[in-house]
Amino acid sequence: MTLYDNLTKVKDDKYREFQIKLVPNISPETIIGVRTPAMRSIAKKLFESPEKDAFLGSLPHKYYEENLIHFFLISMIKDFDEAVKAVEAFLPYVDCWPVSDQASPKSFKKNHEKLLPYIKKWIASDHVYTARFGIRMLMNEFLGDDFKKEYLELVAKKQGEDYYLKMMQAWYFATALAKQYEETFPYFKEHRLEDWVHKKAIQKAIESYRVSEEHKEELRAVK
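Under the criterion given, the structure shown has 15 salt bridges. The shortest N-O distance in the salt bridge between Lys 109 and Glu 141 comes to 3.5 Å. Of this pair, Lys 109 sits in the loop between helix 7 (97-102) and helix 8 (112-124) while Glu 141 is found in helix 9 (residues 128-141), placing the two residues 32 residues apart along the sequence. Among the residues examined, Lys 109 registers a relative accessible area of 53% and is labelled exposed. Residues Lys 166 and Glu 161 are paired through a salt bridge, measuring 3.6 Å at the closest nitrogen-oxygen approach. Under the relative-accessibility criterion, Lys 166 is labelled buried at 10%.

Have a look at this one:
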């Protein structure tokens, strides 16, 4: 039984209609309509099968769900060098935000020093979803103990008019306000971000339960 057969066995037509609206920039014909838990289950079985490597090497894929499963497989690779090689091979084929956002390779968490140069390269990419992935990895991995204030500038200086890129910049800064407020707030007080990103990040931060009421009041004052 092929991967496509396994996906169509668990498809949900109503969920497919929801996904078509959620991801309007890809062809509806590429969306089968499979929920994430079912895809993760399929990915886990594929990861443990002899077909895994052949699937990872068979780019580009035809279906949206195949791309999601591809990243789920990468997230399970334990060796950092192998995982990052697979990420680099796949990123040029990522064509929408859910695929860019779904997976976080587990091997990245224990290899921050090796990961950072890749993140910088990804953020600098002209490919929207490669840059978006890079910003998300910086958000996920470097807003805690390994945070440095110069990382904020990597995201602030990124230029691009694509909605999905700008939304990730706003998401990054809203999260930074929650986790590293003192270093991040000057970007808003001094209006150092593009106006749309500035406003959207403040909106998301004000909606967040992780930002204190005191900080929300300061943000409202610079909106």
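Having seen the model, we can carry on.
Attention shifts here to the nonpolar core. Residues Ile 69, Phe 71, Trp 122, Leu 138, Tyr 172, Phe 173 and Phe 188 are the most contacted members of the largest nonpolar core, which totals 77 residues. Broken down by element, the residue count for this core peaks at 9 residues, all from helix 11 (residues 163-179).

Together, Glu 182, Glu 183, Glu 214 and Glu 218 give the surface a local cluster of negative charge. Those elements giving two or more residues to the negative patch turn out to be helix 12 (181-189) and helix 14 (213-221). Inspection of the secondary structure puts Glu 214 in helix 14.

Summarising the element assignment, Asp 101 is placed in helix 7. Asp 101 has contacts with Arg 132, Arg 136, Met 168 and Trp 171, leaving out every residue within four places of it along the chain.

Thresholds, definitions, all that
Residues numbered from 1 in each chain as written. Predicted model: local features only at pLDDT ≥ 70, side-chain atom pairs only at ≥ 80, totals over all residues. Heavy atoms only, no water. Salt bridge = Lys/Arg side-chain N within 4 Å of Asp/Glu carboxyl O. Helix = DSSP H or I, 4+ residues; strand = E, 2+ residues; numbered from the N terminus. Buried < 20%, exposed > 50% of the residue type's maximum accessible area, 1.4 Å probe, protein only. Core = buried A, V, L, I, M, F, W, Y, C linked by side-chain atoms within 4.5 Å. Patch = residues over 30% accessible without salt bridge, like charges linked within 9 Å, V, L, I, M, F, W, Y side chains within 5 Å. Areas by Shrake-Rupley, 256 points an atom, 1.4 Å probe, with all protein chains shown as cover. Lys, Arg positive; Asp, Glu negative; His and termini not counted. Charge placed at Lys NZ, Arg CZ, Asp CG, Glu CD. Contact = heavy atoms within 4.5 Å.

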